[in-house]
Amino acid sequence: MAPAEADGTSLRGGPEVNALLLRPFGRISHGACEKCGLDFYQKKQSVYKRFLHLIASCLVFFSLSPSSGTAGGYKDSIVKIYSTFQSEDYKTPWQPGAPYSGNGSGFVIQKKRILTNAHVISDARFIEIQREGDPKKYQATVLFAGHDCDLAVLTVPDEAFFEGTRPLSMGSSLPDLNDEVIVLGYPMGGERISLTKGVVSRIDYSPYSHSGMDWHLAMQVDAAINPGNSGGPVLYRDKVVGVAFQGIPNAQSLGYAIPLPVIQHFLADIADGTYDGYPELGVLTMETRNPALRQSLKLDDKNGGTAVARIDPFGSAFGLLQTGDVLLTVDGHALADDGTAIIDGQTMQYTELTERKQCGESMKIEVLRNGEKKTIAVPLLKHQDPFAYRYEYDRRPEYFIYGGLVFTPISLNLLAQTGKELNQPGRQHLVYYSQFAKIDGLYSNQCQFVVLVERLAHRVNTYDSQFLHKTVSEINGRPIRQMSDLPQAFNASSNNPGAGRGAGLHVIRFNETSVALIMEADEARQADAEIRRKYNIPAPSYLREEN
Amino acid sequence: MNSRLLLQSFPMRFAIRTAYAGMTRLSTIHITVAFLLLTTLFIATAENTLPADDATIVEIIATCQEYDAHVPWRKKPPQIRYGLGVVVEGNNILTFDGIARNSTLIEIRRARTGTKLDAKTAVTDEQVGAALLKISDDNTAAQFKSVPIAEKIQRNDLVTIVKMDESGQFQSDEGQVIEVISSPRGLLFKVLTDLSIEKNGTPVFLGNTRVLAGIIINYDKSTQTCLVLSGTTLKSFVSDAVSPPYTGIAWAGLLWEPLLDPAKRKYLGVDGQKGGILVARTVPGSGAADILQPEDVIVEVDGFKLDEMGYYTDPDFGRLLLSNLINGRHKPGEKAELTIFRNRQKTNVPMPLKRQSDIAQLIPENDAGDQAEYQADGGLILRELTGDYLRSAGNDWIIQTNPRLVYYYFNPWQFSRKEGEHIVILSMVLPDQINIGYHEYHDEVVTAVNGRPVRRLDDVFKTIDRDGGLKRVSIMGSGIDLVLDEKEMPAANKRIAANYRIPSLRHQRAKTD
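Residues numbered from 1 in each chain as written. Chains lettered and ligands numbered in written order. Predicted model: local features only at pLDDT ≥ 70, side-chain atom pairs only at ≥ 80, totals over all residues. Heavy atoms only, no water.

**Some thoughts on the sheet that holds strand 4 (residues 103-110) of chain B**
Residues and elements named next belong to chain B. Pairing is antiparallel in the closed barrel, where six strands are placed in the order 1-2-3-6-5-4. Put simply, the sheet's adjacent strands are angled 40 degrees from each other on average, direction ignored. Two strands pair when backbone bridges link them, and strand 5 (residues 116-125) and strand 6 (residues 130-135) are joined in this way by six bridges, in the antiparallel orientation. Each bridged residue has a counterpart across the sheet, and for Thr124 the counterpart in strand 6 is Ala131. Here helix 5 (residues 231-241) sits on the sheet in contact with strand 2 (79-88), strand 3 (92-96), strand 5 and strand 6, set at roughly 50 degrees to strand 6. (Pairing = 2+ DSSP bridges. Helix = DSSP H or I, 4+ residues; strand = E, 2+ residues; numbered from the N terminus. Axes fitted to C-alpha atoms, helices over the stretch in contact; angles between N-to-C directions. Contact = heavy atoms within 4.5 Å.)

Take a look at the structure:
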């Protein structure tokens, strides 16, 4: 994937569209595990090259090797899903994006439910499901969507749909490399069910492109992925071991499936009626291979133990673990100096242990702190981190318009839609904030970065172009920590001392410049009515707290 | 491409004088006929003979070798730069500064001869963008003739561009000064031309004379416009350069914005005034930083009123941006008298002017192409962040480079507001036994070395010298230092230097004041 291809023109196409997901920034690996939701800058690779292995399309390809009619046995389990989507437009957040449609696959699991990928139904306005051989399409609804792991469970209100269906059962363990698997689904190239075969070629942590931020275990199979296969099952000895979901454009014989542990985590999570998502331990580790480092950390000569370099302020370990701690064992598993442990007979990053836990469970971590061993229980909390920038779905972007100035929060969606324009001095700080908010302590002044994303040109704001894409620090003397601070700040009487000199003026200050944006309050109020008419703005704001 | 005739008044006058002297009783008609004949003769031959030009305009061939901005002990392959120069006062050659940067050999060539003559850089100023070269051999220098430099080139003045083409012929084109521009590097002007200008340094003369009006520093093919460094600035540069010490041009260190928005003018209390510009920021350590604050409004400089966009009316040059009030009328060390509005009060403040110093910035640009200072102990390459380091990543550097470093480049005040501080970075790690576990680190901001805070690379040198070696490096965003085995360090350094063929594990510039 050449750097030029990441043009960011579409956030995500439908399952049938081989869309490139633009992430203008990436994750750091300091030679050690970074599976903790923190973003770092990866060494020696260009931003775009870093995504060479970032899965771009969201569909699984398998090379067609016709099988012996086993497909017939599965026709009561596999379904075809037709979705019509309407994504949001983060650059003009008062209006919806353009509708488009696509199709994917899914399969019936217990309790009259259908499992598929989240990206098959995210932002969908209308979903229909069809069984093989049955011309009737049934309307479907979404019961649960896990956007951090790209899985979703649907159901069909019309129970007649489920008559004669045969739910697939989950496998008990992951297959090994070279084990033969089959993939079923509805890829492009035809209308009927398709079966393809491959072997498992790799099981490794991979970024999940639907989320744009999360990494989980992914199973690579040696068959290509086609648009339309998304959501279809990967079967090993008749049992589900994966859900086909991603591919790499221009790669050959590489298809990805969400493996059993991730599926099981998702299904276990939704058992209580709510999807809580993955908890985050929130620890950046550093490998302890260097003998001088080991000595300074008071580690003995034996190998093992991985050091804590940074704690995520919004992670579960905050306040419990400290930088400088060396993680020796996690839930009884001994950690090697690169952070790997032997889990289920396989060598994996220790974070897989957290991956298998639900919010509310706990981890037992043995650490070496200042030469002393301590055992610390870390309860895993529901992850609520305003600076974990993952793609938003099924939510409207927040915005607030005043005097023709459009304010919106920084989000991964906005950055993706801004695309190559981020490569400019006037906008680069958005990339910096989104990646380093927690690392460089920028979060202490705000929960959201409020950006002046657009200026709806009018006499009242005609000299204010220079402030575009800057982030607001205060308005009329009031600090702006999040979008919901805006209405009150503008209502603040301009006569109050903090509002600046001169009556009836709004004073807007930004983080990136010492020059303030000044606006006449009366003029702005009058202008807004005119602006709304001219620019077809249905509502002057959309704030989550009010809705 | 027009080759226009350049009539020189000198030979013409000479011809008439001789003619007249030789014929004591010639009538007017005879003189007129002689005049016309001679004119025809000159027209016929003028295209080939402009004797004065090849003694005043020379080709410069400079072989240069730039440093690798990313790997500081390396140099890039040598390259050759071509340009033109003009002989000025004292047989110096005036040209643009870029040509002589990091030069290994400078030669000049007279038109229509193949002989290359050795020359050396006498003075170069990246801020002005001009350089003075000197021919090494005084005897060879004697064949050249210097030209005077005009002091005042105004809008609509007629000028002549004289270029030297590939075969050593001179071609000239008349033009008109379409715009005089005031900039931080001095006065510039623009001329349209039919000639295709291939070499920077191509001279522009006043009218039909050989008085230098400027040298071309940029040529835009699509608009056929030359950007010319004006004689006004060049004259000042040359007289400064030939009388050491070199003083340079004055600089205020002021970042300002036009003040057009009526709402903003009301807020600042200057809505009743006309004109004035807004102080946005001042550069730490500059004269402006001493006396100006953000939200000051500057209405006058040295008694000249500024309009809302920063223009004033110059008695000689007409409407100019305020830069000329600083660098055109003052020298470093002087003061400019500002009239400002601060908190709605009008007041006069004298602003000291200095010479701009690249290394005084938080992130120097390094336009001079100097070799970066560095320390390479234990394979950890520590150096200061500079503009050329960032740009070495290519055209997409803004998005390709560590976002934190790029952010500080565009917003240096967010890192530090103190003068003389620089950002020290761990640029890369050369893998070796001693730095196992750290090989992935690159472009990290270094906050401390051996436990001592670091605010410039000098702090690194001092700490290492005092402690006998690099022991630990603290980086921004990580609570764990990179620790190195001090006992192993000498052997490791030897190994690394040999393995990676690094000529020296430290490069430290000699301190000049």
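**With respect to the sheet that holds strand 24 (residues 450-455) of chain A**
All names here are of chain A. Read across the sheet, four strands follow the order 24-23-22-29 without closing on themselves; strand pairing throughout is antiparallel. The open sheet has two edge strands, strand 24 and strand 29 (541-542), and neither has a second partner. Taken together, the five bridges between strand 23 (residues 405-409) and strand 24 define a ladder with antiparallel strand orientation. Within strand 24, the residue paired with Phe407 across the bridge is Leu452.

**Comments concerning the interface of chain B and chain A**
Facing 50 residues of chain B, the contacting portion of chain A comprises 57 residues. Note on chain B versus chain A: buried area summed over both sides is about 4,600 Å², and carbon and sulfur give 56% of it. Across the chain B-chain A interface, the total number found is three salt bridges. Note that Arg509 of chain A is salt-bridged to Glu295 of chain B, the shortest N-O span being 2.9 Å. On inspection of chain B and its partner chain A, the count reaches 17 residue pairs in polar contact (both at pLDDT 80 or more). Of all the secondary structure elements, the ones that give two or more residues to the side of chain B that touches chain A are helix 6 (262-268), strand 15 (277-282), helix 10 (397-400), helix 11 (403-410) and strand 29 (482-483) of chain B. With six residues, the top contributor of residues to the side of chain B that touches chain A is helix 11 of chain B. (Buried area = accessible area lost by both parts, 1.4 Å probe. Salt bridge = Lys/Arg side-chain N within 4 Å of Asp/Glu carboxyl O. Polar contact = N/O pair within 3.5 Å; in protein donor to acceptor, adjacent residues only side chain to side chain.)

**Focus: helix 12 (residues 457-467) of chain B**
An α-helical turn contains 3.6 residues, so a residue and the one three or four places further along point in the same direction. All names here are of chain B. Within helix 12, burial applies to Leu457, Asp458, Asp459, Val460, Phe461, Thr463 and Ile464. Contacts made by the buried residues of helix 12 are with strand 23 (374-375), strand 24 (380-384), strand 25 (424-429), strand 26 (444-449), strand 27 (452-453) and strand 30 (506-507). Downstream of helix 12 by one or two residues, Gly468 has phi in the positive range, about 80 degrees. (Buried < 20%, exposed > 50% of the residue type's maximum accessible area, 1.4 Å probe, protein only.)

**Some remarks on the pattern of salt bridges**
Any two side chains of opposite charge can pair, on the condition that their charged atoms come close. In the structure shown here, the tally under the stated rule is 51 salt bridges over all chains. Here Glu132 of chain A and Arg192 of chain A are joined by a salt bridge, their closest N and O atoms 3.0 Å apart. Pair noted here: Glu132 of chain A is in the loop between strand 4 (124-131) and strand 5 (137-139) and Arg192 of chain A is in the loop between strand 8 (180-185) and strand 9 (194-207), with a separation of 60 residues, a long-range link. On the basis of relative accessibility, which here comes to 64%, the residue Arg192 of chain A falls in the exposed class. One salt bridge connects Arg452 of chain B with Asp467 of chain B, and the closest N-O pair in it is separated by 3.1 Å. One end of the pair, Arg452 of chain B, is in strand 27; the other, Asp467 of chain B, is in helix 12, and 15 residues separate them in sequence. The network of salt bridges with shared partners includes Glu59, Arg109, Glu166 and Lys199 of chain B.

**As for the confidence of the model for chain A**
All names here are of chain A. Mean pLDDT over chain A: 84, with 84% of residues reaching 70 or higher. Below pLDDT 50 for its whole length, residues 1-70 participates in 233 contacts with residues either more than four positions away or in separate chains. Every residue in residues 495-502 is under pLDDT 50, and counting partners more than four places away or in other chains gives 19 contacts. (pLDDT = per-residue confidence, 0-100.)

**Here's the deal with the packing of aromatic side chains**
Pairs of aromatic rings are described using the distance from one ring centre to the other and the angle between the two planes. Residue and element names in this part refer to chain A. Taken as a whole and assessed by the stated rule, the structure comprises 29 aromatic pairs over all chains. When the centroid spacing of 5.3 Å and the interplanar angle of 25 degrees are considered together, the rings of Tyr432 and Phe436 count as stacked. Remark: Phe436 and Tyr432 occur in helix 7 (residues 428-436); sequence separation between them is four residues, near one turn of the helix. A residue is classified by how much of its surface remains accessible, and Tyr432, at 1% relative accessible area, is buried. (Phe/Tyr/Trp six-rings, centres within 6.5 Å; stacked < 30°, edge-to-face > 60°.)

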